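A structural walkthrough
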Amino acid sequence: MPRLITFLLGFGIGLAGDACHVASGTTVYDWDGVPTLWNSAIWFPFLVGLAVLGAAEVGHRLDLPSRTRSRIDVVIGAAVVLALYAFTATLRDQTTTVAVVLCGAIAVAVWAWWDPSPRSLAVALVAAVLGPLTEMAVVALGASHYTAGSDALGGVAPWLPCLYFAAGAVASGLLAALDVPSTAPNDVAVPRD
Amino acid sequence: MPRLITFLLGFGIGLAGDACHVASGTTVYDWDGVPTLWNSAIWFPFLVGLAVLGAAEVGHRLDLPSRTRSRIDVVIGAAVVLALYAFTATLRDQTTTVAVVLCGAIAVAVWAWWDPSPRSLAVALVAAVLGPLTEMAVVALGASHYTAGSDALGGVAPWLPCLYFAAGAVASGLLAALDVPSTAPNDVAVPRD
Amino acid sequence: MPRLITFLLGFGIGLAGDACHVASGTTVYDWDGVPTLWNSAIWFPFLVGLAVLGAAEVGHRLDLPSRTRSRIDVVIGAAVVLALYAFTATLRDQTTTVAVVLCGAIAVAVWAWWDPSPRSLAVALVAAVLGPLTEMAVVALGASHYTAGSDALGGVAPWLPCLYFAAGAVASGLLAALDVPSTAPNDVAVPRD
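My aim in this report is to walk through the structure given alongside it, one point at a time. (Residues numbered from 1 in each chain as written. Chains lettered and ligands numbered in written order. Predicted model: local features only at pLDDT ≥ 70, side-chain atom pairs only at ≥ 80, totals over all residues. Heavy atoms only, no water.)

**Concerning the overall build of chain A**
Which entries qualify depends on this criterion: Under the DSSP-based scheme used, a helix requires at least four consecutive residues in state H or I and a strand at least two consecutive residues in state E, with every element numbered from the N terminus. Here the radius of gyration uses the C-alpha set of atoms, whereas the globule reference equals 2.2 Å times the residue count to the power 0.38. For every residue, the accessible area obtained with a 1.4 Å probe (protein chains only) is divided by the maximum for its type, and the residue is called buried under 20%, exposed over 50%, and partly exposed between those limits. Per-residue accessibility takes into account occlusion by the displayed protein chains alone, with areas from the Shrake-Rupley method and a 1.4 Å probe. For this count, His and the chain ends are skipped, Lys and Arg are scored as positive, and Asp and Glu as negative. Every charge is mapped to an atom, namely NZ of Lys, CZ of Arg, CG of Asp or CD of Glu.
Scanning chain A for helices and strands turns up 7 helices and 4 strands. Walking chain A from its N terminus toward its C terminus, one meets helices and strands in the order α-β-β-β-α-α-α-α-β-α-α. Radius of gyration (C-alpha) of chain A: 16 Å, near the 16 Å computed for a compact globule of 193 residues. Overall, chain A is about 50 × 35 × 30 Å in size when its C-alpha atoms are taken along their principal axes. Residues counted as buried form 56% of the 193 residues belonging to chain A. Total accessible area computed for chain A in this model is approximately 7,600 Å², and 69% of it derives from carbon and sulfur atoms. Chain A carries 8 positive and 13 negative side-chain charges, and their two centres are separated by 10 Å.

**Structural notes on the side chain of B:Ser24**
Rules: By the criterion applied in these results, polar contacts are pairs of N or O atoms within 3.5 Å in which, for protein atoms, one can donate a hydrogen and the other can accept it, and in which residues neighboring in sequence qualify only through two side-chain atoms. The contact definition used throughout considers only heavy atoms, calling two residues in contact when any of these lie within 4.5 Å.
Mapped onto the fold, B:Ser24 is located in the loop between α1 (2–23) and β1 (27–29). Using a relative accessible area of 14% as the deciding quantity, one classes B:Ser24 as buried. For B:Ser24, the side chain forms a polar contact with the main-chain oxygen of B:Ala89, separated by 3.5 Å. Those residues within four positions of B:Ser24 in sequence are excluded, and the remaining contacts are B:Ala89, B:Arg92, C:Thr95 and C:Val98.

**Overview of the relation of the copies chain A and chain C**
Where we set the bar: Superposing the copies works by least squares over the C-alpha atoms of residues that have pLDDT at least 70 in both of them.
Mapping chain A onto chain C calls for a screw motion: a turn of 120° about the axis and a shift of 0.0 Å along it, with 0.0 Å RMSD after fitting. What the superposition gives is, in effect, a three-fold axis relating one chain to the other. In this assembly the copies use different faces: only 5% of the residues contributing to the interface of chain A also contribute to that of chain C.

**Remarks on the interface of chain A and chain C**
Stated precisely, the cut-off is as follows: When two parts are brought into contact, each loses some accessible area as probed by a 1.4 Å sphere; the total of that loss over both is the buried area. Within this document, salt bridges are pairs made up of a side-chain nitrogen of Lys or Arg and a carboxyl oxygen of Asp or Glu, the two lying within 4 Å of each other.
Counting residues at the interface gives 21 residues for chain A, matched by 23 residues for chain C. For the pair chain A and chain C, the summed buried surface comes to about 1,700 Å²; carbon and sulfur atoms form 77% of the total. At the junction of chain A with chain C, the criterion picks out 0 salt bridges. Ranked by the residues each element gives to the side of chain A that touches chain C, the list is headed by helix α4 (residues 96–114) of chain A, at 11 residues.

**Some details on unusual backbone geometry**
Here the amide bond leading from A:Leu64 into A:Pro65 is cis, since omega sits at 0°, within 30 degrees of zero. You can see A:Pro65 is positioned in the loop between α2 (43–61) and α3 (71–88). Of note, the phi angle at A:Trp38 is positive, near 55°, even though the residue is not glycine. Here A:Trp38 lies in the loop between β2 (36–37) and β3 (40–41). Exposure remark for A:Trp38: the relative accessible area of 46% places this residue in the partly exposed category. The backbone of C:Asp63 shows a phi angle near 65°, a positive value even though the residue is not glycine. Within the secondary structure, C:Asp63 is located in the loop between α2 (43–61) and α3 (71–88). With a relative accessible area of 44%, C:Asp63 lands in the partly exposed category.

**A short note on the relation of the copies chain A and chain B**
With an RMSD of 0.0 Å, chain A superimposes on chain B once it is rotated by 120° and translated 0.0 Å along the axis. With a heterologous cut-off of 20% or less, the 4% of interface residues of chain A that recur at the interface of chain B puts this contact in the heterologous class.

**Notes on helix α5 (residues 118–140) of chain C**
Residues and elements named next belong to chain C. Put simply, the rule reads: For a helix, the expected span equals 1.5 Å multiplied by the residue count minus one.
With 23 residues, α5 ought to run about 33 Å at 1.5 Å a step, and its terminal C-alpha atoms sit 33 Å apart, in line with that. Within α5 the residues assigned to the buried category are Ser120, Val123, Ala124, Ala127, Ala128, Gly131, Pro132, Glu135 and Val138. At its buried positions, α5 is contacted by α2, α4 (96–114), β4 (144–146) and α6 (160–171). Remark: Gly142 follows α5 within two positions and exhibits a positive phi of approximately 85°.

**Considerations on the interface of chain A and chain B**
To be explicit about the condition: Polar here means any residue outside two lists: the nonpolar Ala, Val, Leu, Ile, Met, Phe, Trp, Tyr, Cys and Pro, and the charged Asp, Glu, Lys and Arg; Gly therefore counts as polar.
With 23 residues of chain A in contact, the opposing surface of chain B contributes 21 residues. Surface buried jointly by chain A and chain B totals about 1,700 Å² across both partners, of which 77% is contributed by carbon and sulfur atoms. Remark: the boundary between chain A and chain B carries 0 salt bridges. The tally of links between chain A and chain B comes to 0 residue pairs in polar contact (both at pLDDT 80 or more). Counting residues per element, the ones that place at least two in the side of chain A that touches chain B are α1 (2–23) and α3 of chain A. For the side of chain A that touches chain B, the residue count by class is 17 nonpolar, 5 polar and 1 charged.

**Digging into α2(A)**
All names here are of chain A. Its 19 residues give α2 an end-to-end C-alpha distance of 27 Å, which sits within 8% of 27 Å, the value for a rise of 1.5 Å per residue. Along α2, the residues classified as buried are Phe44, Pro45, Val48, Gly49, Val52, Leu53, Ala55, Ala56, Glu57 and Gly59. Asp63 lies just past α2 and shows a positive phi near 65°.

**Re the packing of α4(A) against helix α6 (residues 160–171) of chain A**
Residues and elements named next belong to chain A. Selection rule: Only C-alpha atoms enter the line fits that serve as axes; for helices the fit covers just the stretch in contact. Angles between N-to-C directions range over 0 to 180 degrees. Any angle from 65 to 115 degrees is called roughly perpendicular, while one under 35 is roughly parallel, one over 145 is roughly antiparallel, and all others are oblique.
Between α4 and α6, the shortest axis-to-axis distance is 8 Å and the interhelical angle comes to 5°. With respect to α6, the axis of α4 lies roughly parallel. Each of Val100, Cys103, Gly104, Ala107, Val108, Val110, Trp111 and Trp114 in α4 lies in contact with α6, whose residues at this interface are Cys162, Phe165, Ala166, Ala169 and Val170. Residue composition of the contact of α4 with α6, by class: 12 nonpolar, 1 polar and no charged.

Printed below as a string of structure tokens:
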């Protein structure tokens with residue numbers, strides 16, 4: 001059940017975030033004849049859902065999160081990552097410097113809030129590399145492209161690693177966090193193990 | 001005393017947030033001869049103050065917040081809602097998709113941080129419906145209007161329900177929270193009851 | 001060691017934030033022949049590093065922070081201040097009202113989250129006055145200037161006091177916070193003294 005929810009979280013965030021990128025003209029799909037869901041080619045949200053599930057499985061094997069995160073933290077983490085995703089759709093007129101420093105600082109704050117451990121940092125960093133590389137491959141295949149002004153990092157947006165970093169950090173702890181009920185009403189955290 | 005502070009918080013946030021909407025050209029007041037306070041027609045901040053007090057009374061009867069929230073949380077919550085209010089004034093050039101996904105994600109994060117209970121969700125959802133409906137009525141009366149590009153939801157802005165959702169969530173717990181001193185210096189929360 | 005880290009945090013945030021202000025055209029350096037580091041005249045990050053260290057020393061003598069803040073809180077606080085710094089570089093097209101209300105609300109939230117004590121408020125307020133005054137002096141000396149639309153406060157940006165307020169609040173508690181290891185994995189705060 002946590003695995004299904006993890007996949008659906010990735011699916012939903014990918015779908016809604018990508019809708020923002022397409023609506024803002026940040027990205028464009030180029031293959032004709034592919035069914036669309038909201039603004040996305042149908043394969044995109046499935047790819048994001050699987051990627052989030054993959055990062056969550058890796059994090060689970062690394063015994064993440066290192067601090068207790070509950071279902072409510074999952075709601076906050078998912079909402080914050082989606083907010084950052086949507087926010088990147090507003091950055092088309094910003095210079096690379098501003099966009100990268102701003103998204104990078106937010107991404108570091110998200111990681112440090114969610115789970116400030118070296119292991120979650122490793123998952124986030126791997127996501128920050130593999131995610132943009134995968135999108136570069138998608139662009140190279142001609143399936144989609146980032147528009148002028150948002151394509152300075154090998155055809156993808158320079159702030160893209162920051163978005164994957166934040167998403168990877170939160171994803172790394174999802175499976176265990178989804179098993180922890182909210183600690184409300186009294187806010188005292190439950191130690192794991 | 002908590003009731004007066006709650007009213008004044010709503011009054012102040014309404015006044016400062018509305019100043020942003022008028023300054024940015026998001027909204028325009030249309031009735032002549034109405035006294036103004038900062039950028040608002042005089043009745044607007046009173047209306048917001050009463051609405052916040054009303055949501056707080058409803059939340060109080062529902063025994064909200066469900067988790068301990070203190071005066072300092074009130075400061076953070078009020079500041080975050082005002083920040084979101086002011087931020088919506090920067091969204092005139094954004095598409096509806098980007099504006100709604102971005103504001104919606106932030107609003108959900110605010111609710112989950114402040115008080116992730118079904119009851120506070122109910123208050124927030126009612127606010128997200130009644131608030132925009134009230135503003136549609138104000139527009140229909142000819143007292144004010146949202147400008148082109150920010151009027152796609154029956155004459156009001158599409159992101160308006162998100163702003164009311166966040167404000168309603170925080171408002172629902174204000175009365176009890178204002179009775180709880182800050183738990184600094186040691187950060188351990190005090191259970192309610 | 002906390003003093004060196006504090007200086008380096010100020011140095012790094014000043015360097016990256018200023019790079020955003022220069023890249024966005026918010027500020028321009030005017031003296032020829034001064035060595036540059038990234039986008040800054042070489043003296044700027046040193047000045048910010050020393051200012052942050054000064055605020056941290058004052059806060060240390062005032063026994064700040066009043067609540068336990070750990071190294072991870074320092075990471076979050078530094079990232080949030082840098083995010084606000086970079087975000088101000090996106091405000092060139094916004095009215096003074098919107099920019100000041102938005103940055104002011106965020107700055108208050110940062111203070112209330114980091115250390116909601118009257119003493120940290122005092123440090124933040126002094127920073128909000130001395131920082132912009134110092135920058136006005138720099139502008140008067142002809143070393144740099146804020147561009148049209150971002151110079152309405154005696155030659156500097158109207159939102160500048162808000163940025164210094166947030167930075168001063170966090171800086172006030174850095175020295176003690178850098179001595180407190182993260183309280184992960186179980187999130188229960190360690191009371192000071």
